[in-house]
Amino acid sequence: MKHFTVTFIPDNIQVQVTAGTTVLEAAQKAGLPLKSTCGGAGTCGRCIIKVRRGEVQVKGGHLPAKLKEEGYTLACQTIIQGDVAIEIPAESLLSKHQVLLQDKGRLQDGLTDLLGSYPLEAACEVVTLHLAEPTLTENTSDTSRLLTALRKEKGVEGQVSLALLQDLPESLRQAGWQVDVTLARADNRLLRVTPAGSGRNFGLAIDLGTTTVVVSLLDLRNGRRIGQGGSYNRQAVYGDDVISRIIHATSNHGGLEELRQAALATINEISNSLLANHGINQAEVTAAVIAGNTTMSHLLLGVNPKYIRLQPYIPAATEWPALTAGEIGLAINPLATVQVFPSVASYVGGDIVAGALFTRIAGGEELTLFIDIGTNGEMVLGNKDWLISCACSAGPAFEGSGITCGMRAMEGAVEGVTIDPETFEVELEVIGGGRPAGLCGSGLIDCLAKLRRAGIIDRTGNFHEVATPRLRLTDEGYEFVLAWAAESSHGKDIVITAADIKNLIRSKGAVFAGIQSLLKTVSLELEAVDRIIIAGGFGNYLHVPNAVEIGLLPDLPAEKYVFAGNTSLKGAELALLSRPAWQEALELGHKMTYLELSAGNLFMEEFVSALFLPHTQLELFPSVTGGTSPQRREG
Ligand code: FES
């Protein structure tokens with residue numbers, strides 16, 4: 001078979017491919033992950049590239065005429081037929097290390113506060129043992145010498161594995177028979193034997209998100225957080241949402257393994273760089289806790305996810321057996337214990353259980369609504385007596401995906417928008433303070449609210465013909481320019497289009513309909529909710545009054561709202577540091593009832609009513625429609 005060389009500019013990275021390979025596949029091979037929301041179907045228009053030289057065949061796909069004229073094509077639709085040079089514009093690349101780690105969640109996240117009423121009792125502990133040196137008369141085996149000491153000194157019946165035995169004779173002698181032993185608390189498995197005094201002990205809390213992966217490195221001896229790292233989930237090249245990844249995993253030969261490897265590579269790359277930065281060996285990391293949605297857990301563990309997306313939506317498992325890092329492929333001590341958070345159902349997963357654990361939904365009498373405003377739109381309602389959950393499939397719009405100039409909350413993302421109702425002039429708040437590159441979730445919510453308030457769009461989201469050069473008609477319909485090319489970081493206009501607005505309205509409608517469906521199912525009114533906890537990748541803040549104004553969130557007093565940031569990661573940290581917290585997580589998984597929104601008409605009816613700004617039933621939003629300024633709710 002013929003081989004061709006593909007050179008990617010501007011980085012000058014080269015790969016060899018066979019004839020018939022698409023540029024998207026070649027970029028994947030070169031470790032240059034391109035945005036590909038549709039997973040290569042040619043419909044999302046995200047994988048834009050330019051062929052600089054060489055022979056290709058372009059199939060088609062959905063690309064605006066303007067970009068075609070400028071010589072751009074879609075990587076997934078461009079087939080390599082010779083040696084080629086391909087230019088990848090920066091905005092087509094999934095950037096690697098730009099995940100915003102610091103959220104300003106208003107729930108405390110210092111680890112001492114995090115532990116709160118839970119004891120510090122990590123998954124693994126280090127115990128020091130003093131062994132007697134063997135003699136001709138006291139000549140038991142190394143293993144029984146070690147286990148006897150453990151029994152005598154700590155009252156523990158230890159378990160040894162073959163991997164530990166293989167090095168044991170040298171480890172004991174080099175340590176002069178004075179050793180630190182790292183033990184898994186759950187089953188007293190021996191994980192490490194090192195000279196006494198050297199037994200450092202670390203753990204990883206991993207939030208395996210559909211879009212981003214964040215890893216926290218913790219010292220298990222004192223519960224201190226040593227560092228955090230984050231990156232895009234490399235699975236994104238196979239599609240933006242869980243459905244397209246399940247399809248890839250189950251319809252392509254080897255697809256599941258590709259996705260498993262992509263998730264692993266993401267986690268391992270982040271943790272390796274964390275360990276290197278802090279001078280820690282892989283062998284010293286003896287525990288990991290992973291929180292991800294049901295599909296992510298299946299894919300990471302290489303478990304067939306096929307029936308998650310087929311009626312009646314059945315996952316292979318909601319609870320996972322005790323695992324070791326070696327059997328999964330995590331690049332830490334191969335004997336390390338790995339706990340994967342339990343799921344509730346196909347679309348309410350371990351990340352939500354972790355969030356429920358951290359936010360103590362089941363801790364008291366007060367009625368709490370916990371919402372993760374992300375692609376899957378999971379939410380939980382309840383208190384210490386009962387919990388009900390659902391997933392409203394909000395789509396990735398509030399995570400910046402599927403929106404023309406949408407992006408994740410990272411440097412350059414617009415997170416706040418002001419529009420003058422007289423002049424229609426725009427002011428933007430940009431994360432990091434530099435030039436804008438696009439809009440993240442909070443910016444999109446603000447933008448929608450302000451377009452409506454300035455009378456630029458009507459209640460259905462259609463544009464009014466207001467007199468400003470910012471509003472213009474293109475082949476695709478109307479669009480509003482938020483920043484001109486000269487003001488943006490990439491030299492292109494930043495716009496919001498009519499299609500983007502419809503997309504956002506569908507997403508916000510789904511979230512609100514999910515909330516209403518949960519409440520109606522348990523026959524409660526919105527007013528009964530004491531506390532609303534918002535989780536999600538919004539960057540530094542979510543402007544609650546604007547979210548209420550567009551009808552995304554219920555019209556309740558601002559005091560009831562708490563923005564909690566990445567609760568999945570914080571729940572994983574808590575479970576890693578405290579076994580009683582982990583026990584509670586297992587119970588939470590059992591306790592949550594799952595409401596299947598696709599069964600019955602309730603959700604659909606609520607959804608249709610919510611496709612207006614803010615809603616068809618204006619009485620649900622008195623502060624928005626009744627002349628009270630929504631500003632009063634700020635707090
Ligand atoms: S258009 Fe190429 S990946 Fe979506």
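All of these numbers come straight from a predicted model, not from anything done at the bench.

What counts, and where the lines are drawn
Within each chain, residues carry numbers counting from 1 in the order of the written sequence. Only residues with pLDDT of at least 70 get local features here, since the model is predicted, and only at 80 or more are side-chain atom pairs given and counted; chain-wide, interface and lining totals rely on the full set of residues. To get the side-chain values, take all heavy atoms of the structure and skip hydrogens and water. Put simply, DSSP H or I for four residues or longer makes a helix, DSSP E for two residues or longer makes a strand, and each gets a number counted from the N terminus. Whether a residue is buried, partly exposed or exposed follows from its accessible area with a 1.4 Å probe, protein chains only, as a fraction of its type maximum: under 20%, in between, or over 50%, in that order. Here, two residues are considered to be in contact whenever any of their heavy atoms come within 4.5 Å of each other. Criterion for a salt bridge: a side-chain nitrogen of Lys or Arg within 4 Å of a carboxyl oxygen of Asp or Glu. Note: two strands are recorded as paired if DSSP finds a minimum of 2 bridges between them. Here, axes are lines fitted to C-alpha atoms. For helices the fit covers the stretch in contact, and angles between N-to-C directions go from 0 to 180 degrees. Residues enter a patch when their relative accessible area is above 30% and they make no salt bridge; the linking distance is 9 Å between like charges and 5 Å between nonpolar side chains (Val, Leu, Ile, Met, Phe, Trp, Tyr). Computed by Shrake-Rupley with a 1.4 Å probe, the accessible areas treat only the displayed protein chains as cover when residues are assessed. Counted as positive: Lys and Arg. Counted as negative: Asp and Glu. His and the chain ends are not counted at all. Taken as the charge centre is NZ of Lys, CZ of Arg, CG of Asp or CD of Glu, depending on the residue. These domain limits were set by an automatic method or by a database of domain assignments. Accessible area that two parts lose when put together, evaluated with a 1.4 Å probe and summed over both, is termed the buried area. As used in this structure description, the phrase polar contact means that two N or O atoms lie within 3.5 Å; if the pair is within protein, one of them must be able to donate a hydrogen and the other to accept it, and residues adjacent in sequence are counted only when both atoms belong to side chains. Ten residue types, Ala, Val, Leu, Ile, Met, Phe, Trp, Tyr, Cys and Pro, are classed as nonpolar, four, Asp, Glu, Lys and Arg, as charged, and the remainder, Gly among them, as polar. Stacked, edge-to-face and tilted labels apply to pairs of Phe, Tyr and Trp rings (six-membered ring for Trp) whose centres lie within 6.5 Å, assigned for plane angles under 30 degrees, over 60, and everything in between, in that order. In plain words, nonpolar cores are sets of buried Ala, Val, Leu, Ile, Met, Phe, Trp, Tyr and Cys residues tied together by side-chain atoms within 4.5 Å.

### Topic: the environment of Ser92
Tracing the chain through its elements places Ser92 in the loop between β7 (84-87) and α3 (111-115). With a relative accessible area of 2%, Ser92 lands in the buried category. Between the alpha carbons of Ser92 and Ile49 there is a distance of 7.4 Å; along the sequence they are 43 residues apart. Non-local contacts of Ser92, meaning those with residues more than four positions away in its chain, are made with Pro33, Leu34, Lys35, Arg46, Cys47 and Ile48.

### Here we look at the pattern of salt bridges
A full pass over the atoms with the stated rule returns 20 salt bridges. The shortest N-O distance in the salt bridge between Glu425 and Arg470 comes to 2.8 Å. With Glu425 in the loop between β20 (413-419) and β21 (426-430) and Arg470 in the loop between α11 (441-453) and β23 (471-474), this pair connects stretches of sequence that are 45 residues apart. The exposure class of Glu425 is partly exposed, given its relative accessible area of 42%. For Arg470, a relative accessible area of 4% puts it in the buried group. Salt-bridge contacts for Lys520 lead to Glu606; the nearest nitrogen and oxygen are separated by 2.7 Å. Of this pair, Lys520 sits in helix α12 (residues 498-521) while Glu606 sits in helix α16 (residues 602-609), placing them 86 residues apart in sequence. What emerges from the salt-bridge pattern is a single network uniting Glu365, Lys384 and Asp385.

### Points about the sheet that holds β21
The sheet built from three strands is open, its strands ordered β21-β20-β22 with mixed pairing. Looking at the sheet topology across the chains shown, the edges are occupied by β21 and β22 (438-439). Alignment of β20 against β22, held across two bridges, turns out to be parallel. Directly across from Val414, in β22, lies its bridge partner Leu439. The sheet contacts of α11 involve β20 and β22, and relative to β20 the element is tilted by about 15°.

### Focus on a nonpolar patch on the surface
On the surface, Val160, Leu162 and Leu165 cluster together into a nonpolar patch covering about 240 Å² of accessible area. Relative to the helices and strands, Leu165 resides in helix α5 (residues 162-174).

### Side note on the sheet that holds strand β25 (residues 494-497)
Strands sit in the order β23-β24-β25 across an open sheet of three strands; the sheet is antiparallel. Every other strand in the sheet has two partners, leaving β23 and β25 as the edge strands with one partner each. For this sheet, the mean inter-axis angle between neighbouring strands, taken without regard to orientation, is 40°. Strand contacts of α12: β24 (477-483) and β25, with the helix running at about 65° to β25, the strand carrying the most contacts.

### Some remarks on a negative patch on the surface
On the surface, a cluster of negative charge is contributed by Glu69, Glu70, Asp475 and Glu476. Mapped onto the elements of the fold, Glu476 is located in the loop between β23 and β24.

### Remarks on the domain arrangement of the protein chain
Each assigned domain of the protein chain is listed with its residue range as follows: domain 1 (3-92), domain 2 (124-195), domain 3 (202-340), domain 4 (358-395 + 512-544 + 557-616) and domain 5 (397-504). Between the C-alpha centres of domain 4 and domain 5 the distance comes to 28 Å. Listed as interface residues are 15 residues of domain 4 and, on the opposing side, 21 residues of domain 5. Where domain 4 abuts domain 5, roughly 1,400 Å² becomes buried across the two surfaces, and 52% of that area is made up of carbon and sulfur atoms. Counting the contacts that link domain 4 with domain 5 gives zero salt bridges. Counting every contact that joins domain 4 to domain 5 gives four residue pairs in polar contact (both at pLDDT 80 or more). Class assignment for the residues of the side of domain 4 that touches domain 5 results in six nonpolar, nine polar and no charged.

### So, the packing of aromatic side chains
Enumeration over the complete set of coordinates arrives at five aromatic pairs. Aromatic pair Tyr313 and Tyr347: ring centres 6.3 Å apart, planes at 65°, arrangement edge-to-face. Placement of the pair is Tyr313 in the loop between α8 (294-301) and β15 (323-324) and Tyr347 in the loop between β16 (337-340) and α10 (350-358), with a sequence separation of 34 residues. What makes Tyr313 partly exposed here is its relative accessible area of 22%. On the accessibility criterion, Tyr347 (18% relative accessible area) is buried. Both rings, one in Phe463 and one in Tyr478, keep their centres 6.1 Å apart while their planes meet at 50°; by these two values the pair is tilted. In this pair, Phe463 sits in the loop between α11 and β23 while Tyr478 sits in strand β24, placing the two residues 15 residues apart along the sequence. Look at Phe463 and you get buried, because its relative accessible area is 12%. For Tyr478, a relative accessible area of 23% translates into the label partly exposed.

### Things to note about the pairing of β16
Of the two faces of β16, both are covered, the one formed by Thr337 and Gln339 as well as the one formed by Val338 and Val340. Direction of pairing for strand β14 (residues 285-292) relative to β16: parallel, over a ladder of four bridges. Looking at β16, one finds that Ile290 is bridged to Val340. Strand direction decides the pairing type here: β15 and β16, joined by two bridges, are antiparallel. Within the sheet, the bridge partner assigned to Thr324 lies in β16 and is Thr337.

### Brief notes about the nonpolar core
Counting 101 residues, the largest nonpolar core has Leu146 and Phe341 as its most contacted members. The greatest single-element share of this core, amounting to nine residues, is contributed by helix α7 (residues 255-277). In this structure, Cys390, Ala454, Phe480 and Leu519 belong to the second largest nonpolar core, which totals 72 residues.

### Comments concerning the environment of Leu611
Secondary-structure assignment places Leu611 in the loop between α16 and α17 (622-625). On the basis of relative accessible area, Leu611 is assigned to the partly exposed category, the value being 25%. Sequence separation between Leu611 and Gly509 is 102 residues, and the spatial gap between their C-alpha atoms is 5.3 Å. Residues contacting Leu611, with those up to four places away along its chain left out, are Ile505 and Arg506.

### Structural notes on the pairing of strand β9 (residues 178-184)
Within β9, six of the seven residues are buried, which leaves it mostly tucked inside the rest of the structure. In this structure, strand β8 (residues 124-130) lies alongside β9, joined through seven bridges in antiparallel fashion. Residue pairing across strands places Glu125 opposite Leu183, the latter belonging to β9. Sheet topology note: the β9/strand β10 (residues 190-195) ladder contains five bridges and is antiparallel. Across the sheet, the residue bridging to Thr182 is Arg192, located in β10.

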